[in-house]
Every structure is written in structure tokens, then in C-alpha cells.
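Geometric and topological summary
Listed below are the residues making up each chain.
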Amino acid sequence: MGAADGPAPELRTSLIAVAPHDMHDAAHGSGAFRLGDFLSFAEMVVNQERLPGLRSVPRMLTLNRRLAPVFGALPLADAADAATGHRAPWFREWLTTPERDDAVWDRLKLGDALERVNVPVRLTACWQDLFLDQTLHQYESLRARGVEVSLTVGPGTHQEQGHKGMGGLLRGNLARLETHLADEAPARPRSVSPVEVYVTGQNAWRHLDQWPPATGETVHYLQPGGRLLADKPGEGTPSTYVYDPANPTPTSAARCSPSTGEARTTRNWRAAPTCSPSPLTR
């Protein structure tokens, strides 16, 4: 999004993959700091030059296991500093600054780019990506301004976009570049849908004119045993749970990396799920 914030006059099109325009919302937007995502990111950033390329793979595969003691440590900021070798001071700032209007976040807000860019834009994301909500907001903002914008949402997490559906992603990017950068119009223009989304449960792509698609309303009701059905529940014993801030609700995985174990939100804020299913299901 940085290039779109002050676009050069030579810019003719823009391909943006899982890019946030507001890091405060990315880090704190769910109501709880996304500890699993951003602590993992901080650890990878401080080690990316020490272990480049394939040498980083073993470290990546053991990342959650190695960081598990930090997720349960207090004070959390001190434990995170130690885990990153005191080489990621920005992580402490992000962790300890939930206030949206704090100056810490000013340089990390690029929402003005959505009001400045006027070239055709292609946005790509994944359903379990931690920046998905921002990608959809970018699409809605650009479309509302009349900017030519397309949207592709595939399966997987932030890092998995590189190998889940990579063929289709590259073909779409090449078609976009051919359309807007070629000196002459392509002899065989490729047909590209404005919106392409992967339907979970059906393992298929759906091609749409816009997002969200026109649809009716479906109402489901909570049922005993954690079920969700269209039938209204009858009389029964209420379901209960115990909320303990010192033992927050676990998530199945962080949204930045593939699922390799349990990730947690911070202890001192409301726990929140970090995986968003596709709204298109069977």
C-alpha cells in the first residue's frame, strides 16, 4: 500500500497481495492483540538475514513450539523482548499500545492511499489471512470511488498464498499486466472476472461480478451442544462457560502461518478467534 500512498505519474496498474493499510486494526482490531501472528512475525524478521532461504525452514516448522513459553509468560512484553533478542523494539510498542489514536500508529496508517490511487488495482488475499478484512475494505473503498478494481480470495493463511492456488494467482497477475502495460492490446484478451473467490467445502472457485454477491438472509440459532441450526431451540438448560483472563480461549492456529499448533491471544485482553471461515459455504 505504500506505493499507492503517493503514486508516481508513471504508475499504470497496481497488484496488491495481502497488504494492510492500517496496522493498528491489523494488530488490535479484533479486540485482543494478535499475539500469535505478530510475535511469530517479529521472530522471523529478526532472524531473516541470519538464516536466509531454505536454511530458515526448520526454524519455521518449530516456531510455535519455541515461542510457546512466551505465550504464557508475564510480563509478556519482557518475555517477547528476550525471545527476539531485544532486536524488535517495535513489537513492544505495538503490544502495549492498544489506543488507536496513539502516535505510535501514525506512520503505519496508509488509508489515504485509497483516496489517491486511480489506476486499476488487483487485490489478492486468503480466507484465513489476518489482513483479509482490510483487503475487503480496500476493495469496497476503491469500488465506491469508481476505480477499476478486481478481487481474488483463495484458501489458506497469509504465508500459504504462495503455494495454494499459486498458478491461478500468477495467471491473473500476468493477465492484468498484459492488459495495462502492453504497448498494444493483446491479440487474445484474457477473460478475467472482477471477483474470484474460493468456496470452502466445495473446493471450487466462483467467478462473480462484485463482492459481496447478491444473496438472501439465512437465520440460524444456537443449539445445545454448540450446534447451529435453522430450527429454533426448544426449552432446555442454558449452556455456560467459565472465562479466565489468565487462561484465554485458544485458537487452532495463527492467521499468518500454517497451522502447526495452538496459538493464543494476550492474557490481559478479551480472547478472540483468529480464523475467519469463508462466508461462501455449502
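Our subject is the structure that appears above.
Residues numbered from 1 in each chain as written. Predicted model: local features only at pLDDT ≥ 70, side-chain atom pairs only at ≥ 80, totals over all residues. Heavy atoms only, no water.

**Remarks on the overall build of the protein chain**
When helices and strands are counted, the protein chain shows ten helices and seven strands. The long-range fraction of contacts in the protein chain, counting pairs at least 24 apart against all pairs at least 6 apart in sequence, stands at 66%. Taken as a whole, the protein chain presents about 16000 Å² of accessible surface, with 53% of it coming from carbon and sulfur. (Helix = DSSP H or I, 4+ residues; strand = E, 2+ residues; numbered from the N terminus. Contact = heavy atoms within 4.5 Å. Areas by Shrake-Rupley, 256 points an atom, 1.4 Å probe, with all protein chains shown as cover.)

**Re the packing of aromatic side chains**
Across all of its chains, the model carries nine aromatic pairs by this definition. Ring geometry for Phe33 against Phe38: centres 6.1 Å apart, planes inclined by 40 degrees, an arrangement best described as tilted. Just as Phe33 is buried, Phe38 falls in that class too. When the centroid spacing of 5.6 Å and the interplanar angle of 75 degrees are considered together, the rings of Phe38 and Trp94 count as edge-to-face. Remark: Trp94 occurs in helix α7 (residues 89-95) and Phe38 occurs in helix α3 (residues 35-47); sequence separation between them is 56 residues. (Phe/Tyr/Trp six-rings, centres within 6.5 Å; stacked < 30°, edge-to-face > 60°. Buried < 20%, exposed > 50% of the residue type's maximum accessible area, 1.4 Å probe, protein only.)

**What to know about unusual backbone geometry**
Trans is the prevailing form of peptide bonds, just as negative phi is the prevailing case for residues other than glycine. With an omega of -5 degrees, the peptide bond between Leu74 and Pro75 qualifies as cis. Inspection of the secondary structure puts Pro75 in the loop between α5 (63-71) and α6 (76-83). Cis peptide bonds are those with omega within 30 degrees of zero, and the linkage from Trp211 to Pro212 qualifies with 0 degrees. In this structure, Pro212 sits in the loop between β5 (204-208) and β6 (221-223). Backbone geometry places His86, a non-glycine residue, at a positive phi of 55 degrees. In this fold, His86 is placed in the loop between α6 and α7. The exposure class assigned to His86 is exposed, which follows from its relative accessible area of 61%. A positive phi is found at Asn203, a non-glycine position, where the angle reads about 50 degrees. Looking at the secondary structure, you find Asn203 in the loop between β4 (195-199) and β5.

**Concerning the pattern of salt bridges**
Under the counting rule described, the total for this entry stands at nine salt bridges. Among the ionic pairs, Arg122 bridges to Glu196, the shortest N-O distance being 3.8 Å. Of the two residues, Arg122 sits in strand β2 (residues 121-126) while Glu196 sits in strand β4, which places them 74 residues apart along the sequence. Summarising the burial analysis for this pair, Arg122 and Glu196 share the class buried. Three or more residues are tied together by salt bridges with common partners; here these are Asp22, Asp25 and Arg100. (Salt bridge = Lys/Arg side-chain N within 4 Å of Asp/Glu carboxyl O.)

**Here we look at the side chain of Gln138**
Tracing the sequence through the fold places Gln138 in helix α9 (residues 132-144). For Gln138, a relative accessible area of 0% translates into the label buried. Within the structure, the side chain of Gln138 is placed 3.0 Å from the side chain of His21, a separation counted as a polar contact. (Polar contact = N/O pair within 3.5 Å; in protein donor to acceptor, adjacent residues only side chain to side chain.)

**Points about the pairing of strand β3 (residues 149-154)**
β3 sits mainly inside the fold: six of its six residues count as buried. Here β3 shows a buried face lined by Val149, Leu151 and Val153 and a second buried face lined by Ser150, Thr152 and Gly154. In this sheet, β3 lies alongside β2 in parallel orientation, the contact comprising six bridges. What sits directly across from Cys126, in β3, is Gly154. (Pairing = 2+ DSSP bridges.)

**Some thoughts on α3**
Compared with an ideal rise of 1.5 Å per residue, which puts 13 residues at 18 Å, α3 spans 18 Å between its outermost C-alpha atoms and is within 8% of the ideal. Most of α3 sits inside the fold, with eleven of its 13 residues counted as buried. Buried within α3 we find Leu35, Gly36, Asp37, Phe38, Leu39, Ser40, Ala42, Glu43, Met44, Val46 and Asn47. Contact partners of the buried residues in α3: α2 (23-28), α4 (57-61), α5, α6 and α7. (Expected span 1.5 Å × (residues − 1).)

**Quick notes on the packing of α3 against α5**
Where α3 meets α5, the closest approach of the two axes is 11 Å, and the angle between their N-to-C directions is 115 degrees. Seen along the crossing, α3 lies across α5 with a hand that is right-handed. For the pair α3 and α5, contact is made by Leu35, Gly36, Leu39, Ser40, Glu43 and Met44 and by Leu63, Asn64, Arg66, Leu67, Val70 and Phe71, respectively. Grouping the amino acids of the contact of α3 with α5 by side-chain chemistry returns seven nonpolar, three polar and two charged. (Axes fitted to C-alpha atoms, helices over the stretch in contact; angles between N-to-C directions. Left-handed = near helix turned anticlockwise from the far one by under 90°. Nonpolar A, V, L, I, M, F, W, Y, C, P; charged D, E, K, R; others polar.)

**With respect to the sheet that holds β4**
The strands making up a sheet associate through hydrogen bonds between their backbones, and the pairing can be parallel or antiparallel. Strand order in the open sheet made by the five strands is β1-β2-β3-β4-β5, with mixed pairing throughout. The sheet is open, and its two edges are formed by β1 (14-17) and β5, each paired on a single side. Direction aside, the axes of adjacent strands within the sheet are offset by 15 degrees on average. Against the sheet, α9 contacts β2, β3 and β4, and its axis sits at roughly 155 degrees relative to β2.

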